[in-house]
Amino acid sequence: MQQPSDIVTICAVDIETLGTALHSPIIQIGAAFASWDRAKESLTVDAPAPVYWQFDSDNSGLLRNQEGLKNIVGISGSTMAFHFGNTTYRTFADTVKVAGVEYPVITYGSAQHAMDGLSRLIKETDAYVMAQNNEFDLAMLKGNSDLVFYNHQRTLDIRTFQCLGLLPKKLTAKTHNALEDAIAELEEVVGLLKSGKITLC
């Protein structure tokens, strides 16, 4: 889908994992999109729909083997309880708001299908891709899916904006749910664009 040169797509990607090592299991993938009109310096309403996947929290095999996971890859019981309790798991309604616009949520049944869909959307729109920390979120997804799903010359990094003082050190809207955090990150960057503090080349 070729877009007019003045309109660019921004995609925020967030993941939730059981640990911080590169081999840690990914249990949620969330991505939210916005379309930015560089000429008018405003959002358009035709961005791709958000993408979401979460590991089946009713999967008794993973929960039954908590002790084994702790021993093999260092996943603590408290980490398991945090993610598989009521803290981060969500069943989303048919639509969610992204930067004030209602979009349907595309919920996938497997992580690989979610990555295939996300990769296709990013490539079709030639999107700018961002994460809280690209070296973690994007690297983890790339390593686990074997997909080169973004252009490294079109990336933004929330942590860099925080270090430069453009964003607060803690984004209060973040909840540790992958889709909610992706939306929160995207909306912060849209705010920077609207204020003129950053531009997209």
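Residues numbered from 1 in each chain as written. Predicted model: local features only at pLDDT ≥ 70, side-chain atom pairs only at ≥ 80, totals over all residues. Heavy atoms only, no water.

**Re the layout of surface pockets**
Inference 1: In this model, the largest pocket occupies a volume close to 490 Å³.
Inference 2: Lining the largest pocket are 22 residues, and of these Glu16, Gln132, Lys174, His176 and Asp181 lie nearest its centre.
Inference 3: The greatest single-element share of the lining of the largest pocket, amounting to four residues, is contributed by strand β1 (residues 7-17).
Inference 4: Here the residues of the lining of the largest pocket sort into four nonpolar, ten polar and eight charged. (1 Å grid on protein atoms, 1.4 Å probe; cavity = no way out; pocket = protein on both sides within 12 Å on 5 of 7 lines; lining within 4 Å. Points joined across faces, edges and corners; volume = space filled by probe spheres on them. Helix = DSSP H or I, 4+ residues; strand = E, 2+ residues; numbered from the N terminus. Nonpolar A, V, L, I, M, F, W, Y, C, P; charged D, E, K, R; others polar.)

**Some remarks on helix α4 (residues 111-125)**
Inference 1: An ideal rise of 1.5 Å per residue puts 21 Å on 15 residues; α4 measures up with 21 Å between its terminal C-alpha atoms.
Inference 2: Of the positions making up α4, those classed as buried are Ala114, Met115, Gly117, Leu118, Ser119, Leu121, Ile122 and Thr125.
Inference 3: Buried residues in α4 make contact with β1, β2 (26-37), β4 (51-54), β8 (128-131) and α5 (137-145). (Expected span 1.5 Å × (residues − 1). Buried < 20%, exposed > 50% of the residue type's maximum accessible area, 1.4 Å probe, protein only. Contact = heavy atoms within 4.5 Å.)

**Section: the packing of aromatic side chains**
Inference 1: Here the structure, examined in full by the defined rule, presents two aromatic pairs.
Inference 2: With a centroid separation of 5.0 Å and 85 degrees between ring planes, the pair formed by Tyr52 and Phe92 is classed as edge-to-face. Residue Tyr52 is located in strand β4, and its partner Phe92 is located in the loop between α3 (77-84) and β5 (95-98); the two are separated by 40 residues in the primary sequence. In terms of burial, Tyr52 and Phe92 fall into one category: buried.
Inference 3: Taking 4.9 Å as the distance between ring centres and 70 degrees as the angle between the ring planes, the aromatic pair formed by Phe149 and Tyr150 counts as edge-to-face.
Inference 4: Of the residues examined, Phe149 reaches a relative accessible area of 1% and is grouped as buried.
Inference 5: The lysine or arginine in question, Arg154, covers the ring of Tyr128, its NZ or CZ lying 4.1 Å from the ring centre. (Phe/Tyr/Trp six-rings, centres within 6.5 Å; stacked < 30°, edge-to-face > 60°. Lys NZ or Arg CZ within 6 Å of the ring centre and 35° of its normal.)

**Observations regarding unusual backbone geometry**
Most peptide bonds take the trans form, and the phi angle of most residues other than glycine is negative.
Inference 1: Non-glycine residue Glu41 carries a positive phi angle of around 50 degrees.
Inference 2: Position of Glu41 among the secondary structure elements: in the loop between β2 and β3 (42-44).
Inference 3: Its identity as a non-glycine residue notwithstanding, His176 has a phi of 75 degrees, on the positive side.
Inference 4: The residue His176 is located in the loop between α6 (158-163) and α7 (178-195) in this model.

**Quick look at the pattern of salt bridges**
Inference 1: All told, the structure shown has three salt bridges when counted by the stated rule.
Inference 2: Taking the shortest distance from any N to any O, the salt bridge between Arg154 and Asp126 comes out at 3.6 Å. A residue pair is termed long-range when its members are at least 10 positions apart, and Arg154 in the loop between α5 and β9 (155-157) and Asp126 in the loop between α4 and β8 qualify at 28 residues.
Inference 3: Judged by its relative accessible area of 17%, Arg154 is buried.
Inference 4: Using a relative accessible area of 39% as the deciding quantity, one classes Asp126 as partly exposed. (Salt bridge = Lys/Arg side-chain N within 4 Å of Asp/Glu carboxyl O.)

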